[in-house]
Amino acid sequence: MTIPLLLYSLAGLGLFYFQNLLLFPQVRLRLLGLLLFYVGLRPSFLLAFSLALILGVLQDSYATTPFGLHLGGGLLLVGIARFCRRRLLLQKIGPQIIASLGALTLQEIGFMVTLLLLGLEPFPFHDLLAFRGSELLATAALGPLMYALVLGLEKLSSRYGWRPMSPWAQE
Amino acid sequence: MRPRTRFRNSLIIIATLLLVISLLSLGLKRSSVLRKVEGVMISLTAPGLQGLYYLGRTLRGVWEGYLHLVGVQRENAALRRRLVEYEQKEVQYQEALQTATRLEALIGLKQQMALPITGARVIAYDPSLWSRCALLDQGQDHGVKRGLPVLGAGGIMGRIVETYPHYSKVMLIVDRNSGADAMLPRTRVRGILQGQGGNRCSLDYVPKSADVQVGDLVLASGLGGIYPKGMVFGKVNAANKKTQGVFQEIEVTPGVDLSALEEVVVVKVVNLTLTP
């Protein structure tokens with residue numbers, strides 16, 4: 001699983017660079033969150049879990065929020081994606097987009113609750129609606145592109161003899 | 001679902017929760033292990049970011065330098081005129097500064113002295129909205145330490161909160177965890193400049209009786225020992241006295257666009273107690 005993890009991590013890092021150098025501050029998107037959600041929908045749980053750890057540490061390292069906030073958020077996204085995969089059987093892109101929007105919203109709420117529990121002041125609710133709503137909607141709308149990226153990475157990984165169905169994924 | 005799978009899933013959830021809670025707890029205490037993990041991650045990923053930043057800068061420089069020269073001469077002449085004006089003002093300011101220094105020394109005030117500055121480039125911002133910070137290309141190897149103030153072209157950018165061998169992290173003044181003592185030079189009113197996220201700050205704990213007007217400059221008061229006295233935080237954008245309680249609601253716009261800074265300076269500050 002080392003090669004696919006490396007490939008997915010590099011893709012995540014590329015998205016982080018893209019976001020930081022080209023999109024910020026005009027465009028705000030949750031590309032890494034979306035990547036984690038779509039990887040979470042794929043068969044290998046271990047890959048999604050490891051990727052959430054790596055990308056979580058990456059985001060936490062560049063932030064001033066308590067270490068673990070983004071990591072926890074990433075793991076939550078993977079958890080929701082696994083739930084959607086098993087219970088809702090998301091096959092078509094439309095429901096996947098709606099599910100990703102729900103997952104990103106839950107992640108946002110999770111951030112707010114965690115910051116409240118840690119005694120830090122989160123954003124006011126009206127700020128959340130004004131700034132985050134459009135950010136989450138735009139991110140979820142990029143679902144088809146992210147899905148294509150994840151499938152592409154899966155195909156690339158299979159060239160190196162990796163099969164997405166790991167023992168951890170048998171449910 | 002088989003019992004073994006259910007047991008495994010519960011175990012994964014519990015282990016994950018424990019991991020996240022432990023990390024958050026250690027993160028709040030600024031654990032040295034986590035700082036090392038952060039340092040390793042930044043050392044691994046920041047060079048790529050820095051390389052791409054310089055590449056983009058070079059390409060932009062080529063574009064602006066060779067293909068976009070229209071109006072440069074005119075701009076140059078205007079800048080020269082402004083430089084002459086500023087040089088004249090500088091002389092006046094130097095005189096005023098010397099007078100103030102003498103007076104402060106006479107009354108034995110604790111004074112903050114600014115030492116030589118270190119130029120730095122912003123190579124990354126935290127793209128999430130949950131925190132507002134930036135990464136500089138100067139670190140411990142260049143003498144940058146935690147707590148040093150960082151200035152942009154039009155005012156204070158923030159302060160160093162973390163240093164790594166080649167990089168350092170700046171908490172911007174608009175970060176919700178940022179707070180600093182500030183004053184309005186026109187009326188000498190003081191308050192706490194609190195980051196509000198996005199690109200906004202507020203000046204808190206200013207009584208309703210205080211005279212605050214839109215456009216008033218907000219400067220560092222020098223108290224707290226982080227930002228040298230007299231440096232610009234920004235301007236008052238709105239002041240609302242129709243609030244509950246005894247304090248006004250004052251919105252402050254930072255003096256610099258904190259999302260688009262490229263070159264900044266790190267001020268090496270030391271506190272000296274002068275004796276007359």
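Definitions and cut-offs
Residues numbered from 1 in each chain as written. Chains lettered and ligands numbered in written order. Predicted model: local features only at pLDDT ≥ 70, side-chain atom pairs only at ≥ 80, totals over all residues. Helix = DSSP H or I, 4+ residues; strand = E, 2+ residues; numbered from the N terminus. Contact = placed C-beta atoms within 7 Å. Buried ≥ 20, exposed ≤ 12 C-beta atoms within 10 Å, placed from the backbone. Nonpolar A, V, L, I, M, F, W, Y, C, P; charged D, E, K, R; others polar. Expected span 1.5 Å × (residues − 1). Pairing = 2+ DSSP bridges. Axes fitted to C-alpha atoms, helices over the stretch in contact; angles between N-to-C directions. Core = buried A, V, L, I, M, F, W, Y, C linked by C-beta atoms within 7 Å. Parallel < 35°, antiparallel > 145°, perpendicular 65-115°, else oblique. Left-handed = near helix turned anticlockwise from the far one by under 90°. pLDDT = per-residue confidence, 0-100.

Asks: Please provide a residue-by-residue account of the overall build of chain B, values included.
Replies: When helices and strands are counted, chain B shows three helices and 12 strands. Counting only contacts in chain B whose residues sit at least 6 apart along the sequence, the fraction spanning at least 24 positions is 57%.

Asks: Describe the overall build of chain A, and please don't skip the residues or the numbers.
Replies: Counting its regular elements, chain A contains seven helices and zero strands. Residues classed as buried in chain A amount to 43% of the 171 residues present. For chain A, contacts bridging at least 24 residues in sequence account for 73% of all contacts bridging at least 6.

Asks: Quick one: what's the story with the interface of chain B and chain A, residue by residue and with numbers?
Replies: Counting residues at the interface gives 38 residues for chain B and 29 residues for chain A. Contributions of two or more residues to the side of chain B that touches chain A are made by helix 1 (3-28), helix 2 (32-67), strand 1 (110-125) and strand 2 (133-136) of chain B. Top contributing element to the side of chain B that touches chain A by residue count: helix 2 of chain B, with 11 residues. Of the residues assigned to the side of chain B that touches chain A, the class counts are 22 nonpolar, 12 polar and four charged.

Asks: Please set out helix 3 (residues 45-61) of chain A residue by residue, giving values where relevant.
Replies: The terminal C-alpha atoms of helix 3 of chain A lie 24 Å apart, and with 17 residues this matches the ideal 24 Å at 1.5 Å per residue to within 8%. Burial runs high along helix 3 of chain A: 13 of the 17 residues are buried.

Asks: Account for unusual backbone geometry, with residues named and values stated.
Replies: Cis geometry is adopted by the peptide bond preceding P25 of chain A, which originates at F24 of chain A and carries an omega value of 0 degrees. A positive phi angle, near 65 degrees, is found at R188 of chain B, a position not held by glycine. In this structure, R188 of chain B sits in the loop between strand 6 (179-184) and strand 7 (189-195).

Asks: Residues and numbers for the sheet that holds strand 10 (residues 232-240) of chain B, please.
Replies: All names here are of chain B. Reading around the barrel, the six strands line up as 6-7-8-11-10-9 and close back on themselves, with antiparallel pairing between neighbours. Strand-to-strand twist across the sheet, computed as the mean angle between neighbouring axes with direction ignored, equals 40 degrees. Looking at chain direction, strand 8 (residues 201-204) and strand 11 (residues 249-254) are connected through three bridges and run antiparallel. Across the sheet, residue S202 finds its bridge partner in strand 11, namely E251.

Asks: Which residues make up the environment of G191 of chain B, and what are the values?
Replies: Note on placement: G191 of chain B falls in strand 7. With 13 residues separating them in the primary sequence, G191 of chain B and D204 of chain B have C-alpha atoms 5.5 Å apart.

Asks: A description of helix 2 (residues 31-41) of chain A should follow, citing residues and the corresponding values.
Replies: In terms of burial, helix 2 of chain A is largely enclosed, as 11 of its 11 residues are buried. Within the sequence span of helix 2 of chain A, burial applies to L31, L32, G33, L34, L35, L36, F37, Y38, V39, G40 and L41 of chain A.

Asks: Account for the pairing of strand 11 of chain B, with residues named and values stated.
Replies: All names here are of chain B. Only one face of strand 11 is covered, namely the face carrying I250, V252 and P254; the face carrying E249, E251 and T253 is uncovered. By the bridge criterion, six bridges tie strand 10 to strand 11 in an arrangement that is antiparallel. Note on strand 11: the bridge partner recorded for V236 is V252.

Asks: Run through the nonpolar core, naming residues and quoting values.
Replies: One broad trend across soluble globular proteins is that nonpolar side chains are buried collectively. By size, the foremost hydrophobic cluster in this structure holds 101 residues, and its most contacted members are L36 and A48 of chain A together with M157 and F233 of chain B. Contact partners of F233 of chain B, with chain neighbours within four places excluded, come to G155, I156, I173, A182, L193, V218, L219, A220, V252, P254 and G255 of chain B.

Asks: How would you sum up the packing of helix 2 of chain A against helix 7 (residues 143-159) of chain A? Please name residues and give values.
Replies: All names here are of chain A. Look at helix 2 against helix 7: their axes get within 9 Å of each other, and the N-to-C directions meet at 60 degrees. Considered as vectors, helix 2 and helix 7 are oriented oblique to each other. With respect to the hand of their crossing, helix 2 and helix 7 are arranged in right-handed fashion. Along its contact with helix 2, which presents L34, L35, Y38 and V39, the element helix 7 presents G143, M146, Y147 and V150.

Asks: Summarise the confidence of the model for chain B; cite the residues concerned and give the values.
Replies: Residue and element names in this part refer to chain B. When pLDDT is averaged along chain B, the result is 82; 88% of the residues meet or exceed 70. Confidence scores differ between elements of chain B, with strand 12 (residues 263-273) showing the lowest mean pLDDT of 72 and strand 5 (residues 168-172) the highest of 93. Across residues 272-276, confidence stays below pLDDT 50; counting only partners more than four residues off in sequence or on other chains, it has 12 contacts.

Asks: I'd like a rundown of the packing of helix 4 (residues 69-88) of chain A against helix 5 (residues 93-117) of chain A, residues and numbers included.
Replies: Between two packed helices, both the angle of their axes relative to each other and the distance between the axes serve to describe the pair. Residues and elements named next belong to chain A. Taken N-terminus to C-terminus, the directions of helix 4 and helix 5 make an angle of 145 degrees; their axes are 9 Å apart at the nearest point. Judged by the sense of rotation from one axis to the other, the crossing of helix 4 with helix 5 is right-handed. Of the residues in helix 5, those in contact with L69, G72, G73, L76, L77, I80, A81, C84 and L88 of helix 4 are A99, A103, L106, Q107, G110, F111 and T114. In terms of residue class, the contact of helix 4 with helix 5 is built from 11 nonpolar, five polar and no charged.

Asks: Pulling in residues and values, what's your account of the confidence of the model for chain A?
Replies: All names here are of chain A. Within chain A, residue pLDDT values average 85, and 89% of them lie at 70 or more. The least confident element of chain A, judged by mean pLDDT, is helix 6 (residues 125-141) at 79; the most confident is helix 2 at 93. Of the regions scoring below 50 in pLDDT, residues 166-171 engages in 10 contacts with residues more than four places distant in sequence or in other chains.

Asks: Please set out the pairing of strand 6 of chain B residue by residue, giving values where relevant.
Replies: The side chains of a regular strand alternate, residue by residue, between the two faces of the sheet. All names here are of chain B. Summarising the sheet, strand 6 and strand 7 pair through six bridges and their orientation is antiparallel. Within strand 7, the residue paired with M183 across the bridge is R190. With antiparallel pairing between neighbouring strands as the criterion, strand 6 and strand 7 make up a hairpin whose turn holds four residues, including R188 at a positive phi of roughly 65 degrees. Where strand 6 and strand 9 (residues 217-220) come together, two bridges link them in antiparallel fashion. Looking at strand 9, one finds that A182 is bridged to A220.

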